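What follows is each chain in one-letter form.
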Amino acid sequence: MKPALLFVFVDALGPEQAPMLLDAGLSLPHVATLRGVLGFSSGAIPTILTGAPPAAHGRMCLFSKAEGTSPLAPLRWLGLLPRVLHERERVRRVAGKLLARVYGFDGYLALHRVPPELFPSLDIPEKRDLFEGKEIGGVPTFLERAREAGLGVVTTDWRRPEEQRVQQLEAHPEADLAFLYLSGLDAILHRDGGLDAGARDWSKQAARWIHRAQRALRSGGREVRTVVVGDHGMARIEHTVDPRGVLAKVRGRFPKAFVFVDATMFRVSVGPCEPEAVRELFQGIAGELLDAGGLAERGAPSDGRYGDYVWLLPEGSLFVPSFVGGAVRGMHGYDRASRSARAALLSDGVVAAECLEDLAPWVLRELGLL
Ligand SMILES: [Zn+2]
């Protein structure tokens, strides 16, 4: 009988975070570091699931530039409320839920602190649940390939607390492929910036969850292969950069420009102009200007859907305020070569993988589907 495969995806498990899980009692002797992708989890998770780089599946950031009428356009009415109200997390959550219900979206959607008047210029590339959908940007996921082959696949609902996700796996000891998504570490590291008590406590709990999932699958009478992977690590924030001066310059010079201030990326499309005119907007700010060539070189979408240019901050810097949040102590989303862009891989046997793109083909080979 073929062993069952337990695939544990831990958001923000980088090489620096992985030893905590081992210290917490998880016994997985093979430890490796994988090259990550440019962008946030919105780009990295699709790469893990499909084996394709962001340039192929088209995901990189939560918000993209709208083509034509945006489904988010009705959210501009949030602007009729006073800012103290419309920026409240609860108000944004309710508005996001209403929108998702109207359009039938079941993917991850958070409105963060996007200025209401910008919603008509924005779209969300991920409208479907990544783990339940058949494909991402036209590329099938390994979960779907396994389902289509008639294998027993169990995934966990990311909307539920982590404990309940583990219970979902425990209810399916017959699964051939069990996919456990653990998201708690990312939130703790954004809050704390480093491996403090919060991250250590979470790691102890996570080790127990993974042991429970292994036990459940073994109770089906089979061997279990376990792989635990992250999508990136986390950098401690040393500098904050106020983007409002650049925003004012962009709006003054290019009134029709597309702009989005992500945590580490200022994304902009200003229409035809010399790159020097764009570079000039960021004068005095540390970082690097990526044009279509720079994005393509990094395997990122370069067709302008996230903006024609990206001003990328150096590791450890953060735009505050940004459209996705305020001051936090930890962040990721830096250049591919940075430490925090790398992901950890822990496994009980050797996994032939050097980058996130290698994981999906490895899973398919393990399942005998490739
Ligand atoms: Zn994160």
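This structure is a prediction, so every number in the text was calculated from the model and none was measured.

> How would you summarise the sheet that holds strand β13 (residues 265-269) if you had to cite specific residues and measurements?
Two orientations exist for strands paired in a sheet by backbone hydrogen bonds: parallel and antiparallel. Read across the open sheet, the four strands follow the order β12-β13-β15-β14; overall the sheet is antiparallel. The open sheet has two edge strands with one neighbour each: β12 (258-261) and β14 (288-290). Strand-to-strand, the axes of this sheet are offset by a mean angle of 15 degrees, without reference to chain direction. Where β12 and β13 come together, four bridges link them in antiparallel fashion. When the sheet's bridge partners are listed, Val 259 is paired in β13 with Val 268.

> Explain the nonpolar core to me, using residue names and the numbers behind them.
Among the nonpolar cores identified, the biggest contains 39 residues, and Phe 63, Phe 119, Leu 122, Phe 266, Val 268 and Phe 282 are the most heavily contacted of them. If you list the elements that add at least two residues to this core, you get α5 (89-103), α10 (244-253), β12, β13, α11 (275-281) and β15 (309-312). A per-element tally of this core places β12 first, with four residues. Mapping this core onto the domain boundaries places at least three of its residues in each of domain 2 (70-118) and domain 3 (238-327). In this structure, Leu 13, Leu 182, Leu 185 and Val 224 belong to the second largest nonpolar core, which totals 34 residues.

> Give a description of α10 that names residues and reports values.
Taken together, the buried positions of α10 are occupied by Val 246, Leu 247 and Val 250. In a view along the axis of α10, the buried residues occupy a sector of 100 degrees, so they form one face of it. Every exposed residue of α10 that faces more than 90 degrees away from the buried side is listed here: Arg 244, Ala 248 and Gly 252. Those residues of α10 hidden inside the fold are in contact with β12, β13 and α11.

Parameters and conventions
- Residues numbered from 1 in each chain as written.
- Predicted model: local features only at pLDDT ≥ 70, side-chain atom pairs only at ≥ 80, totals over all residues.
- Heavy atoms only, no water.
- Pairing = 2+ DSSP bridges.
- Helix = DSSP H or I, 4+ residues; strand = E, 2+ residues; numbered from the N terminus.
- Axes fitted to C-alpha atoms, helices over the stretch in contact; angles between N-to-C directions.
- Core = buried A, V, L, I, M, F, W, Y, C linked by side-chain atoms within 4.5 Å.
- Buried < 20%, exposed > 50% of the residue type's maximum accessible area, 1.4 Å probe, protein only.
- Domains from an automatic or database assignment.
- Arc of directions from axis to C-beta.
- Contact = heavy atoms within 4.5 Å.

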